[in-house]
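Coordinates in review
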Amino acid sequence: MPETESWVRAAVATAEGGRLRTDDGELSTALASPLAPHCTGLAPEQLLAAAFASCLHHAAVEAASEITDEAHTVRVSAEARLGRDEDGNYHADVQARISSTGLTRQQLSDLAEYADRLWPFSSDGAGRHTVSVEPVGVRNQQP
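This report concerns the structure included in the present document. Predicted model only: the values in this text are computed from it and were never measured.

Basis of the calculations
Residues numbered from 1 in each chain as written. Predicted model: local features only at pLDDT ≥ 70, side-chain atom pairs only at ≥ 80, totals over all residues. Heavy atoms only, no water. Phe/Tyr/Trp six-rings, centres within 6.5 Å; stacked < 30°, edge-to-face > 60°. Helix = DSSP H or I, 4+ residues; strand = E, 2+ residues; numbered from the N terminus. Pairing = 2+ DSSP bridges. Buried < 20%, exposed > 50% of the residue type's maximum accessible area, 1.4 Å probe, protein only. Polar contact = N/O pair within 3.5 Å; in protein donor to acceptor, adjacent residues only side chain to side chain. Contact = heavy atoms within 4.5 Å. Expected span 1.5 Å × (residues − 1). Arc of directions from axis to C-beta. Core = buried A, V, L, I, M, F, W, Y, C linked by side-chain atoms within 4.5 Å. Salt bridge = Lys/Arg side-chain N within 4 Å of Asp/Glu carboxyl O.

The next subject is the packing of aromatic side chains. Summed over all chains, the structure comprises three aromatic pairs. Aromatic pair Phe52 and Trp119: ring centres 5.5 Å apart, planes at 80°, arrangement edge-to-face. Of this pair, Phe52 sits in helix H1 (residues 44-67) while Trp119 sits in the segment after helix H2 (105-118), and the two are 67 residues apart along the sequence. Centre to centre, the rings of Trp119 and Phe121 are 5.4 Å apart; their planes meet at 75°, and the pair counts as edge-to-face.

Next comes the structure, spelled out in structure tokens:
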């Protein structure tokens, strides 16, 4: 993966105490909890769908600018499903769809293919992303 100096954008989000927020404060929302069914808020699959739609939309608008001057009409929808296997591990499935006004079927196909190559979660199995999970220390340590 590239060094951090080559990253185009970066963001931090924190989920804690039934809330999710971004470091810049642009997003702050309640989270649903599988352990507390009475809690209301966004569920993981909703956030996953929103994140994928947002990321792919960015790539699709960039790709559309190469195909048409109507890039502002690009629409991306994403459906995310979470499931569990017999060992209790989660699995995710995301299906995304791209549309745009005034494009022929071939142009739309080219747009979807180009956007899929641009974004880091390419459906060709050659995604360019990493996920790292690591402990950062114990909070609220008692003496």
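Structure shown, so let's carry the discussion forward.
With that out of the way, let us pick up the pairing of strand S4 (residues 75-84). Across 10 bridges, the pairing between S4 and strand S5 (residues 90-99) is antiparallel. Residue pairing for S5: Ala78 is matched across the bridge by Ala96. In textbook terms, the turn of a hairpin is the stretch between consecutive antiparallel strands, and for S4 and S5 this stretch comprises five residues, one of which, Gly88, has a positive phi near 90°.

The next point concerns the side chain of Thr73. Here Thr73 lies in the loop between H1 and S4. For Thr73, a relative accessible area of 18% corresponds to the buried category. In terms of polar contacts, Thr73 uses its side chain to reach the side chain of Ser100, at 2.8 Å. Among all residues touching Thr73, those that are not within four sequence positions of it are Ser99, Ser100 and Thr101.

Another point: H2. Across its 14 residues, H2 extends 20 Å between first and last C-alpha, which sits within 8% of the 20 Å expected from 1.5 Å per residue. Every buried residue of H2 is accounted for by Leu111, Ala115 and Asp116. Along H2, the residues classed as buried sweep out an arc of 125° about the axis, all on the same side. Tucked into the core, H2 has its buried residues touching H1 and S5.

Next up on the list: the nonpolar core. Formed by 16 residues in total, the largest nonpolar core has its most connected members in Leu56, Ala60, Val74, Val76, Ile98, Leu111 and Ala115. Among the elements of the structure, H1, S4 and H2 are those that each provide at least two residues to this core. If sequence neighbours within four positions are ignored, Val74 has contacts with His57, Ala60, Val61, Ala64, Ile98, Ser99, Ser100 and Leu111.

Tallied over the entire structure, the rule returns two salt bridges. Between Asp93 and Arg81 there is a salt bridge, and its shortest N-O distance comes to 2.9 Å. Highlighted residues: Asp93 in strand S5 and Arg81 in strand S4, separated in sequence by 12 residues.

Distances and angles like these do not, on their own, reveal function.
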